[in-house]
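Understanding the architecture of this molecule
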Amino acid sequence: MQPVARTTSSRRASWPMRQVAAPRVPCRFQYSLASWHWKVTPMNWTIRIELTPDGNPPITYDIGTITRPIADLSPEQIGLTLEEGQQLLRRVQVQMISSQAHAYALCRRPCVDCGRPKRIKDARTKCVQTVFGAFRFRGRRYRACGCRDHPDEFLQDFPLGEIIPRRTTPEVRYLFAELGARMPYRAASRVLKICGFGDMRASHMAIRRHTVAIGRELEAQRLDAADGQAVQVPETAKSLVVGIDDTYVKHREHLVARQFQVTAGRIERNGKLGARFVFVSSNPGWTDSSFDGFLLQQGMKRNTVMRVVTDGDDGLRNFVQRSSPRPMESQLDWFHIGMRLELLRKAVVIPVTYQEYLEDPHAFDPAQRRISRLRDALWRGRSWQALLQFAWLRGDIDRWAAEHPGRCAQSVQRAKQVIKEFRYYVCGNRRSLPDFAKQRAAGQRISTAHVESVMNHLVNHRLSKKQQMRWSPEGAHYLLQVRAELLNGTLTDAYRVANPRFRGPSGFAAQSVH
Ligand SMILES: [Zn+2]
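Residues numbered from 1 in each chain as written. Predicted model: local features only at pLDDT ≥ 70, side-chain atom pairs only at ≥ 80, totals over all residues.

Looking now at the overall build of the protein. Helix and strand counts for the protein stand at 19 helices and ten strands. Within the protein, the proportion of its 514 residues that are buried is 26%. The long-range fraction of contacts in the protein, counting pairs at least 24 apart against all pairs at least 6 apart in sequence, stands at 65%. (Helix = DSSP H or I, 4+ residues; strand = E, 2+ residues; numbered from the N terminus. Buried ≥ 20, exposed ≤ 12 C-beta atoms within 10 Å, placed from the backbone. Contact = placed C-beta atoms within 7 Å.)

Dropping the structure here:
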């Protein structure tokens, strides 16, 4: 039973663990260990908590006793088990809440006007769901004092209902929302049960309900920001680059629609990657001012230089433009051009027989060289050169088809189609085609690959297309609001707007723990 003094290696020293010396063993205990009965006597720990009301002698409550054998010990019996720990915490929780509720009810008894104690009306039960389980408490209801006569006032007050306004504590609501945003609701419910929170009544529907409710709160904050009533006023941003894209998610009621659109993206603020945003515009509660609110939260002011990077979708471009106070520059992103170039490179190689390949292995090299020149033209933002290259490429394909009549008609047709579509794309977006080479040299972001990764992390991983999940636009929208804040690392701050003391400095953390 002596403390083990060991030289700690550097790896072990990095563990976040304090070395605790074993307590000095009293003589009587040593004597009993030496005698026969250590084999039968177990070790007992009794846990008591002491409440010290202000200026009064302490009151002690017994929490529980833990028993372990001394010599006949197995690895399962070292320390507290998860279940024991949870039970002890449940009992501590009950004692704490009931003392708090009792003391608060006593404070609320005297009338604020005349100081006389109010009469007791009756006692009512209140349920509360905490992180260590759901409990019921009884609390008194007081009749209103007769010293003044206000017909508008309540005739009774219920102090317990004031300190626990909702059935769920803010801590539990946050826990549900964070887990619900990270993993499927059913998986979150299961994780809570495995971790010993079985008494918490964490059904998948409860987790969904709280996640959606917090999503609504986050959106309400954004609408407040759009109305100029933001709680936290951000610093003014010199430049904002909005990378935006959209994807589709399966609709829950497939008779209404097969799928619905989810728009997501990421802001680049003063040259640094910033917050993600996401919304479902077909959600019934959606208004354009939610996005205004988001941009205002990011520090958009009248003098902010705005730019939008899209894959050439006019709808998204106009959508962002509507929220901007002044005309904004829009540009194509290189990521989507690169994908189209790759598609074109494959399409212009017409499949030939092996014999033909042996005769002329370099038959399609001119076409490939033309695509390289097309890439250069697009990279330097010279749309007219690119359009010329398209015309020549089309000529090459026509010539090959004329030389090989009736051969690979489908592939030729497809190559022509790909060229035509790409040509329309460049033609339609030629005003948004920037000089990528110059921008790259200036250290600016030219691709929206980061937006694609936002799509993957934010939307696809949670709304999981692979698992055949189906969503209602509303449920998906509010869940994604929580998930976006979670990935931005601002969920706690946003939650603190409605619950100012949430995870603030508690009495426990402020003092060192002995
Ligand atoms: Zn009174």
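If you walk across this open sheet you meet the five strands as β8-β7-β6-β9-β10, and the pairing is mixed. This sheet does not close on itself; its edge strands, each paired only once, are β8 (272-279) and β10 (329-332). Ignoring which end each strand starts from, the neighbouring axes of this sheet average 25 degrees apart. Sheet topology note: the strand β9 (residues 305-310)/β10 ladder contains four bridges and is parallel. In the strand pairing of β10, Arg307 is matched with Glu329. Relative to the sheet, helix α17 (residues 473-488) contacts β6 (239-250), β7 (259-269) and β8, its axis offset from that of β8 by approximately 165 degrees. (Pairing = 2+ DSSP bridges. Axes fitted to C-alpha atoms, helices over the stretch in contact; angles between N-to-C directions.)

Strand order in the open sheet formed by three strands is β3-β4-β5, with antiparallel pairing between adjacent strands. Edge positions in the sheet fall to β3 (120-130) and β5 (156-157), since each of these pairs with one other strand and no more. By the bridge criterion, ten bridges tie β3 to strand β4 (residues 133-143) in an arrangement that is antiparallel. Across the sheet, the residue bridging to Gln129 is Ala134, located in β4.

With that out of the way, let us pick up the packing of helix α12 (residues 365-379) against helix α13 (residues 383-403). Look at α12 against α13: their axes get within 9 Å of each other, and the N-to-C directions meet at 165 degrees. By the criterion of interaxial angle, the relationship of α12 to α13 is roughly antiparallel. For the element pair α12 and α13, the recorded crossing hand is left-handed. Listed contacts from α13 to Pro366, Ala367, Arg370, Arg373, Leu374, Ala377 and Leu378 of α12 are Gln385, Ala386, Gln389, Trp392, Leu393 and Asp396. Across the contact of α12 with α13, the residue classes tally to eight nonpolar, two polar and three charged. (Parallel < 35°, antiparallel > 145°, perpendicular 65-115°, else oblique. Left-handed = near helix turned anticlockwise from the far one by under 90°. Nonpolar A, V, L, I, M, F, W, Y, C, P; charged D, E, K, R; others polar.)

Scored by pLDDT, the protein has a mean of 83; 89% of the residues are at 70 or more. No element of the protein has a lower mean pLDDT than helix α1 (residues 10-13), which averages 51, and none a higher one than helix α5 (residues 170-182), which averages 93. Counting contacts from residues 510-514, a segment whose pLDDT is below 50, to residues more than four positions away or on other chains yields one contact. (pLDDT = per-residue confidence, 0-100.)

Grouped together as the largest cluster of nonpolar side chains are 59 residues, with contacts concentrated most on Phe176, Leu240, Ala264, Val278, Leu458, Val459 and Ala476. Dropping the residues within four chain positions of it, Phe176 is found in contact with Ala202, Ala206, Ile207, His210 and Thr211. Of all hydrophobic cores here, the second largest spans 23 residues; its members include Ile350, Phe390, Leu393 and Ile397. (Core = buried A, V, L, I, M, F, W, Y, C linked by C-beta atoms within 7 Å.)

Between its first and last C-alpha, α5 extends 18 Å over 13 residues, near the 18 Å set by a 1.5 Å rise per residue. In terms of residue burial, α5 counts as a mostly covered element, since ten of its 13 residues are buried. By the burial criterion, the buried members of α5 are Val172, Arg173, Tyr174, Leu175, Phe176, Ala177, Glu178, Leu179, Gly180 and Ala181. Taken together, the buried residues of α5 touch β3, α6 (185-194), α7 (204-226), α17 and α18 (491-498). (Expected span 1.5 Å × (residues − 1).)

Take the pairing of β9 next. Sheet topology places β6 next to β9; five bridges connect them, and they run parallel. For Val241, the partnering residue across the bridge sits in β9 and is Arg307. For the handedness criterion, the β-α-β arrangement of β9, helix α9 (residues 314-323) and β10 is classed as right-handed. (Right-handed = clockwise from strand over helix to strand, strands pointing away.)

What follows is about the environment of Gly428. Mapped onto the elements of the fold, Gly428 is located in helix α14 (residues 409-428). Here the alpha-carbon distance between Gly428 and Gly312, two residues 116 residues apart in the chain, equals 8.4 Å.

With that out of the way, let us pick up the environment of Ser453. Secondary-structure assignment places Ser453 in helix α16 (residues 449-463). In sequence terms Ser453 and Gly265 are 188 residues apart; their C-alpha atoms lie 9.3 Å from each other.

Let us look at unusual backbone geometry. Of note in this structure, Asn270 is not a glycine but carries a positive phi near 50 degrees. For Asn270, the location among the structural elements is in the loop between β7 and β8. Taking the number of C-beta atoms within 10 Å as the measure of exposure, Asn270 has 15 and is therefore partly exposed.

Here α16 crosses α17 at 130 degrees, and the two axes come no closer than 10 Å. Taken together, the axes of α16 and α17 lie oblique to each other. For α16 against α17, the interelement crossing comes out right-handed. Residues His457, Leu458, Val459, Arg462 and Leu463 of α16 touch α17, and the partners they reach there are Ala476, Leu480, Arg483, Ala484 and Leu487. Within the contact of α16 with α17, the residues separate by chemical class into seven nonpolar, one polar and two charged.

This brings us to the pairing of β8. Here β7 runs beside β8; their pairing, made up of six bridges, is antiparallel. Considered in β8, the bridge of Gly265 is made with Phe277. Counting the residues that bridge the hairpin from β7 to β8 gives two residues, and of these Asn270 lies at a positive phi of roughly 50 degrees.

Over its 15 residues, α16 extends 20 Å from the first C-alpha to the last, a length consistent with the 21 Å expected when each residue adds 1.5 Å. Where α16 bends most, at Asn456, the angle is about 30 degrees. If you follow the buried residues of α16, they end up packed against β6, β7, β8, α10 (334-347) and α17. Where α16 terminates, the next one or two residues include Ser464, which has phi positive at roughly 30 degrees. (Bend = angle between axes of the 7 residues up to and from the residue.)

Mapped onto the fold, Arg209 is located in helix α7. Among the residues examined, Arg209 registers 16 C-beta atoms within 10 Å and is labelled partly exposed. Each C-alpha atom, one on Arg209 and one on Gly180, is 9.5 Å from the other, the two residues being 29 residues apart in sequence.

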